[in-house]
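# Fold and geometry: a report
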Amino acid sequence: MTYDSPLAAHTTLRLGGPVSAIVSCPTTQALAGVVRRLDSEQIPILIVGGGSNLVVADDGVDAVAVRVATTDLKFDGSVMHAEAGVNWDAAVTASVAQGLGGIECLSGIPGSTGATPVQNVGAYGVEIASVLRRVELLDRASGTVHWAGPEELHLSYRHSILKNSDTAVVLSVELDLLPDGLSAPVRYGELARTLGASEGDRLPVADVREAVLALRAGKGMVLDSDDHDTWSAGSFFTNPIIPTEELPEVLRKAQDLLGADVTMPQFPAGPGRTKLSAGWLIERAGFSRGFPGEDAPVRLSTKHTLALTNRGSATTADLVELARRVQRGVEDAFGVRLHPEPVCVGVHI
């Protein structure tokens, strides 16, 4: 256990003030036991996995950070069982080595395996929801452990009932993977073009993983301690989903700003709902890659407008200021409000 320790050392943004203490839990038994003990004493808890989706206030938080450091990973046929602390990309690497498909499009995503169902992590046309078998949860109210199927988690775009909730802690995850050595059907146009494939094709899992890693690296989305473009929480804003009835007004605003021939990316998102591209909106609202400039402590990535990056001397306050500036700019330009994807602790965006 360490005391009065800054969380900056445990987040990919390298930002965050101190917590009361940090307790590292190397086993599932230890994790459950520590959470039960702290809850019984009514001591506030902050669960920390890979720290890739956390924005923590500069002043820190009056809580004990419980670090999920469990590492057990095993396969039973095409079923992968991973403890919550397993590094996610290590889990993807292991699945590819086993010749199992389904999660290769999620290669290179930082963080821990336990966070993937919380966020319903997704990329390149694949979400955890498509492979999730069940999740082992510690119910914090009762202290009991149980398995929950995906239907109980109400998984949706970058969301589940576990997100922004302190009712349960993920202990382990089971995934149903594809046993034939081929990927899930390629559904993302950019990835299909990179692979020289057609959408819907299934390809060797190793080939798809390699292509995804190359695409992510080109956008600064693969962690590299020497590259400040990767000192981020990944995509900072989710793609907004709006009622389809509001779309004509959004398009009108886009035409007024950008010209009558503008084409705005839009995708069906269920009955009466349309998904827009946050990156497109940010850039068209006047926030280019690298904004606001070389001397700024926090900038949009020079490779990808969706990532807010720490250039080495930033504070969380700097990050929040830029996030709000982008948020206001997009809302002023298009009437669409962007929502942050990371979990914010002690700050509000």
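Below, the structure is looked at part by part. Along each chain, the written sequence defines residue order, and numbers are assigned to residues from 1. Given that the model is predicted, a residue must reach a pLDDT of at least 70 before its local features are reported, and side-chain atom pairs must reach 80 or more before they are shown or counted; all residues, however, enter totals for whole chains, interfaces and linings. The side-chain figures draw on all heavy atoms in the structure; neither hydrogens nor water molecules are used.

For the rest of this paragraph, the subject is the pattern of salt bridges. Salt bridges, as used here, are contacts in which a Lys or Arg side-chain nitrogen is within 4 Å of a carboxyl oxygen on Asp or Glu. Taken as a whole and judged by the stated rule, the model has 16 salt bridges. The salt bridge partner of Asp 229 is Lys 303, with a shortest N-O separation of 2.8 Å. In this pair, Asp 229 is assigned in the loop between α6 (205-218) and β13 (241-243) and Lys 303 in the loop between β16 (298-300) and β17 (308-310), connecting sequence segments 74 residues apart. Classification of residues uses two cut-offs on accessible area relative to the type maximum, computed with a 1.4 Å probe and protein chains only: under 20% is buried, over 50% is exposed, and between them is partly exposed. Of the residues examined, Lys 303 reaches a relative accessible area of 25% and is grouped as partly exposed. As a salt-bridge pair, Glu 249 and Arg 252 come within 2.6 Å of each other at their nearest N and O atoms. Here Glu 249 pairs with Arg 252, and both are found in helix α7 (residues 247-258), just three residues apart, close to one helical turn. We classify Glu 249 as partly exposed; its relative accessible area is 37%. Residues joined in a network through salt bridges with shared partners are Arg 133, Arg 134, Glu 174 and Asp 176. Secondary structure counts use DSSP, requiring at least four H or I residues in a row for a helix and at least two E residues in a row for a strand, with both numbered from the N terminus.

Aromatic ring pairs are defined here through the distance separating the ring centres and the angle between the ring planes. Classification of ring pairs uses Phe, Tyr and Trp, with its six-membered ring standing for Trp, and accepts pairs whose centres are within 6.5 Å; under 30 degrees between planes counts as stacked, over 60 as edge-to-face, and the remaining range as tilted. Tallied over the entire structure, the rule returns four aromatic pairs. Look at Tyr 124 and Tyr 188: their rings are 5.1 Å apart centre to centre, the planes differ by 80°, and that puts the pair in the edge-to-face class. Residue Tyr 124 is located in the loop between β8 (122-123) and β9 (126-127), and its partner Tyr 188 is located in the loop between β12 (168-176) and α5 (189-195); the two are separated by 64 residues in the primary sequence. Tyr 124 sits in the buried class, given a relative accessible area of 9%. Residues Trp 280 and Phe 334 carry aromatic rings whose centres are separated by 6.0 Å and whose planes lie at 45° to one another, so their mutual orientation is tilted. With Trp 280 in helix α8 (residues 278-284) and Phe 334 in helix α9 (residues 316-334), the pair connects residues that are 54 residues apart, well separated along the chain. For the pair shown, Trp 280 and Phe 334 are each scored as buried. Across the ring face of Trp 231, the terminal group of Arg 14 is positioned such that the distance to the ring centre comes to 4.0 Å. For a Lys NZ or an Arg CZ to count as sitting over a ring, it must be within 6 Å of the ring centre and within 35 degrees of the ring normal. The residue whose ring lies beneath Lys 275 is Tyr 157, and the NZ or CZ to ring-centre distance is 4.1 Å.

Read from one edge to the other, the open sheet built from three strands follows the order β13-β15-β14, with strand pairing classed as antiparallel. The open sheet has two free edges, formed respectively by β13 and β14 (266-268), since each of these has just one partner strand. Each strand axis lies, on average, 35° off the axis of its neighbour in the sheet, ignoring direction. Pairing between two strands requires that DSSP report at least two bridges joining them. Examined bridge by bridge, β13 and strand β15 (residues 273-276) share three bridges and lie antiparallel to one another. Whenever a helix is involved, its axis is fitted only over the stretch in contact; in every case the axis is a line through C-alpha atoms, and angles between N-to-C directions fall within 0 to 180 degrees.

It is worth spelling out the nonpolar core at this point. Counting 54 residues, the largest nonpolar core has Trp 88, Ile 103, Leu 175 and Leu 191 as the members making the most contacts within it. Per-element accounting of this core gives the leading share, six residues, to β12. Residues count as neighbours in contact if any of their non-hydrogen atoms are within 4.5 Å of one another. Among all residues touching Leu 191, those that are not within four sequence positions of it are Cys 105, Tyr 124, Val 186, Val 208, Ala 211, Val 212 and Leu 215. Formed by 34 residues, the second largest nonpolar core is a distinct cluster that contains Val 55, Leu 247, Phe 291 and Val 320. As used here, the term nonpolar core means buried Ala, Val, Leu, Ile, Met, Phe, Trp, Tyr and Cys residues forming a set that is joined through side-chain atoms within 4.5 Å.

A few words on the pairing of strand β11 (residues 145-148). In this structure, strand β10 (residues 132-139) lies alongside β11, joined through four bridges in antiparallel fashion. Counted as the bridge partner of Val 135 is Ala 148 from β11. Where β10 folds back on β11, the antiparallel hairpin that results is connected by five residues, among which Gly 143 adopts a positive phi of roughly 80°.

Time to look at the sheet that holds β11. Pairing within the open sheet is antiparallel, and its five strands lie in the order β6-β7-β12-β10-β11. The open sheet has two free edges, formed respectively by β6 (73-76) and β11, since each of these has just one partner strand. Averaged over all adjacent pairs, the angle separating strand axes in this sheet is 20°, with direction ignored. Packed onto the sheet, helix α2 (residues 88-97) meets β6, β7 (79-83) and β12 and runs at close to 35° relative to β6.

Given 3.6 residues to a turn, an α-helix orients residues that are three or four positions apart in the same direction. When the terminal C-alpha atoms of α7 are compared, their 16 Å separation across 12 residues agrees well with the 16 Å that a helix rising 1.5 Å per residue should span. The set of residues buried in α7 consists of Leu 247, Val 250 and Ala 254. Projection of α7 onto a plane perpendicular to its axis shows the buried side chains occupying an angular sector of 65°, all on one side. Of the residues in α7, the exposed ones pointing more than 90 degrees away from the buried face are Pro 248 and Asp 256. One or two positions beyond α7, positive phi appears at Gly 259, with a value near 110°. By this rule, a helix spans an expected 1.5 Å times one less than how many residues it contains. Each direction from the helix axis to a C-beta atom contributes to the arc, which is the arc of those directions.

For the rest of this paragraph, the subject is the layout of surface pockets. Volume-wise, the second largest pocket comes out at about 320 Å³. A cavity here means a set of points on a 1 Å grid, drawn over the protein atoms and nothing else, where a 1.4 Å probe fits but cannot get out; a pocket is an open set with protein on both sides within 12 Å along at least five of seven lines, and a residue lines either one if it has an atom within 4 Å of a point. Lining the second largest pocket are 18 residues, and of these His 159, Lys 163, Thr 238, His 339 and Pro 340 lie nearest its centre. Elements represented by at least two residues in the lining of the second largest pocket include exactly β13 and β18 (343-345). Throughout, the ten residues Ala, Val, Leu, Ile, Met, Phe, Trp, Tyr, Cys and Pro are labelled nonpolar, Asp, Glu, Lys and Arg are labelled charged, and all others, Gly among them, are labelled polar. For the lining of the second largest pocket, a count of residues per class yields nine nonpolar, five polar and four charged. Grid points are joined across faces, edges and corners, and a volume is the space filled by probe spheres set on the points.

In this fold, Ala 82 is placed in strand β7. A C-alpha to C-alpha distance of 13 Å links Ala 82 and Val 131, two positions 49 residues apart in sequence. Other than its neighbours up to four places away in sequence, Ala 82 contacts Asp 72, Leu 73, Thr 113, Ser 172 and Val 173.

Note that all results are geometric; they support no functional claim without further evidence.
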